[in-house]
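Structural description and commentary
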Amino acid sequence: MYQNTPSRSSIRLTRRGRLVLIATGAVVAGTAVAVPLFSLDSDKDAKPTSLVIPEGWRASQIYDAVDKSLARPAGTTRKALAKAALKLPNDAEGNPEGYLFPATYPLNDRTTPESLLSFMVNTANQKFNGAPIAAGAQRNAMNVYQAVTIASIVQAEAATKADMGKVARVIFNRLERGMPLQMDSTINYALNRSTLKTTEADTRIDSPYNSYQRMGLPPTPIDNPGEEAVRAAISPTPGDWLYFVTVKPGDTRFTADYGEHLRNVAEFNANQKSGGAQTSQSAPPAQPKK
């Protein structure tokens with residue numbers, strides 16, 4: 001079900017399309033709160049006392065944030081992976097993507113990149129390996145690592161928390177039908193970018209994260225999801241949807257009918273041309289393919 005094999009279908013799934021990497025809030029115990037990235041004392045030169053990891057950040061962003069918060073040279077945290085002895089699932093093969101749990105982490109003079117990374121991974125293990133997430137993954141005939149991978153896509157694709165369960169259902173429905181996921185978020189991850197548009201050339205890149213050309217899930221999560229995205233991954237909303245597109249802010253449309261999806265995409269494109277769409281919206285292809 002989750003093996004990556006060459007695509008047998010070219011049905012294009014447009015994404016809801018917000019910038020994955022823009023985060024204005026923080027996450028404390030899975031709940032977004034409006035606080036700065038680093039909590040500082042009144043003295044502007046004081047060292048940060050905490051590091052906030054927002055939901056949906058990629059590992060590369062987290063490494064950079066740790067370097068900055070601990071005043072270490074760029075690249076220090078990435079290099080620290082080799083000696084951090086992180087307790088990751090075997091499927092991760094040493095890659096902590098998906099397991100750097102979004103939360104607020106305290107900092108002090110004894111904090112090191114290794115200790116912070118371990119704290120994040122241990123927090124993820126506590127959240128993911130207990131009930132109900134582990135049981136929910138088993139109920140859906142997958143392991144926890146696969147559930148976290150699905151959650152990472154949900155985190156990147158869902159326009160709102162209310163849409164997360166529906167996005168998860170689209171993923172399950174496509175996997176069950178042997179359809180490629182065709183998610184722009186996986187293309188962005190492969191190209192190490194965050195963009196509002198995906199071109200036809202992008203969908204032909206040679207990468208295991210190219211969910212247009214490869215069947216099944218990507219080999220790893222594509223970001224570090226929060227608890228709500230993980231819950232959506234183990235308990236997707238019931239439905240037969242195969243397509244979705246955010247026509248305008250607050251209006252994401254899910255459907256199982258390809259013709260209806262094309263009409264939704266046409267309406268989105270019309271909004272783009274008229275200037276009615278916000279910059280947080282992606283531009284789905286003008287001609288989605290079957």
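It should be noted that the structure appears before, not after, this text.
This is a predicted model, so every value here is computed, not measured.

Some remarks on the pairing of strand 6 (residues 243-248)
Counting buried positions along strand 6 gives five out of six residues, so the element sits mostly inside the fold. Strand direction decides the pairing type here: strand 6 and strand 7 (residues 251-255), joined by five bridges, are antiparallel. By the bridge assignment for strand 7, Val 245 is matched with Arg 253. Two successive antiparallel strands, strand 6 and strand 7, enclose a turn made up of two residues, where Gly 250 displays a positive phi of approximately 85°.

Some remarks on helix 6 (residues 164-176)
Look at helix 6: 18 Å from first C-alpha to last across 13 residues, which is about the 18 Å you get at 1.5 Å a residue. Among all positions of helix 6, only Met 164, Gly 165, Val 167, Ala 168, Arg 169, Val 170, Ile 171, Phe 172, Asn 173, Arg 174 and Leu 175 are buried. On its buried side, helix 6 packs onto helix 5 (144-157), helix 8 (227-234), strand 6 and strand 7. Taken from the residues just after helix 6, Gly 178 is the one with a positive phi, measuring 70°.

Regarding the packing of aromatic side chains
Tallying each qualifying case throughout the model produces eight aromatic pairs. Ring geometry for Tyr 99 against Phe 128: centres 5.3 Å apart, planes inclined by 90°, an arrangement best described as edge-to-face. One end of the pair, Tyr 99, is in the loop between helix 2 (76-84) and strand 5 (104-106); the other, Phe 128, is in helix 3 (residues 113-129), with 29 residues separating them in the sequence. Assessed through its relative accessible area of 1%, Tyr 99 is described here as buried. Taken together, Tyr 99, Phe 101, Phe 128 and Tyr 145 form an aromatic cluster joined through their ring pairs.

Describing the pattern of salt bridges
Inspection of every chain in the model, using the stated rule, returns seven salt bridges. In this structure, Arg 253 and Asp 251 form a salt bridge, with 2.8 Å as the shortest nitrogen-oxygen distance. Classification of Arg 253 as partly exposed rests on a relative accessible area of 23%. Here Asp 251 falls in the buried class, since its relative accessible area comes to 17%.

So, helix 1 (residues 59-69)
Within helix 1, eight of the eleven residues are buried, which leaves the element mostly enclosed by the surrounding structure. Looking one or two places after helix 1, you find Ala 71, whose phi comes out positive at around 55°.

Things to note about the side chain of Glu 97
With respect to the helices, strands and loops of the structure, Glu 97 is situated in the loop between helix 2 and strand 5. At 6.4 Å, Arg 58 is the nearest oppositely charged side chain to Glu 97, a buried residue that forms no salt bridge. Looking at Glu 97, its side chain comes within polar contact range of the side chain of Asn 224, at 2.9 Å. What Glu 97 contacts, discounting residues up to four positions off in sequence, is Trp 57, Arg 58, Ala 59, Tyr 189, Pro 221, Ile 222, Asp 223 and Asn 224.

Quick look at the nonpolar core
The biggest cluster of nonpolar side chains holds 59 residues, and the ones touching the most others in it are Phe 128, Val 154 and Ile 171. At the level of secondary structure, the elements contributing two or more residues to this core comprise helix 1, helix 3, helix 4 (133-139), helix 5, helix 6 and helix 8. Per element, the largest residue contribution to this core is nine residues, and it comes from helix 5.

Description of the environment of Thr 49
Tracing the backbone shows Thr 49 in the loop between strand 3 (38-39) and strand 4 (50-52). The spatial distance from the C-alpha of Thr 49 to the C-alpha of Asp 109 is 9.5 Å, given a sequence separation of 60 residues.

Things to note about unusual backbone geometry
For the peptide bond that leads from Ala 131 to Pro 132, omega is 5°, which places it in the cis range. For Pro 132, the position within the fold is in the loop between helix 3 and helix 4. Notably, Glu 93 is not glycine yet its phi reads approximately 50°, a positive angle. Structurally, Glu 93 can be placed in the loop between helix 2 and strand 5. Note on Glu 93: relative accessible area 74%, which makes it exposed. Notably, Gln 182 is not glycine yet its phi reads approximately 50°, a positive angle.

Definitions and limits used
- Residues numbered from 1 in each chain as written.
- Predicted model: local features only at pLDDT ≥ 70, side-chain atom pairs only at ≥ 80, totals over all residues.
- Heavy atoms only, no water.
- Buried < 20%, exposed > 50% of the residue type's maximum accessible area, 1.4 Å probe, protein only.
- Helix = DSSP H or I, 4+ residues; strand = E, 2+ residues; numbered from the N terminus.
- Pairing = 2+ DSSP bridges.
- Expected span 1.5 Å × (residues − 1).
- Contact = heavy atoms within 4.5 Å.
- Phe/Tyr/Trp six-rings, centres within 6.5 Å; stacked < 30°, edge-to-face > 60°.
- Salt bridge = Lys/Arg side-chain N within 4 Å of Asp/Glu carboxyl O.
- Lys, Arg positive; Asp, Glu negative; His and termini not counted.
- Polar contact = N/O pair within 3.5 Å; in protein donor to acceptor, adjacent residues only side chain to side chain.
- Core = buried A, V, L, I, M, F, W, Y, C linked by side-chain atoms within 4.5 Å.

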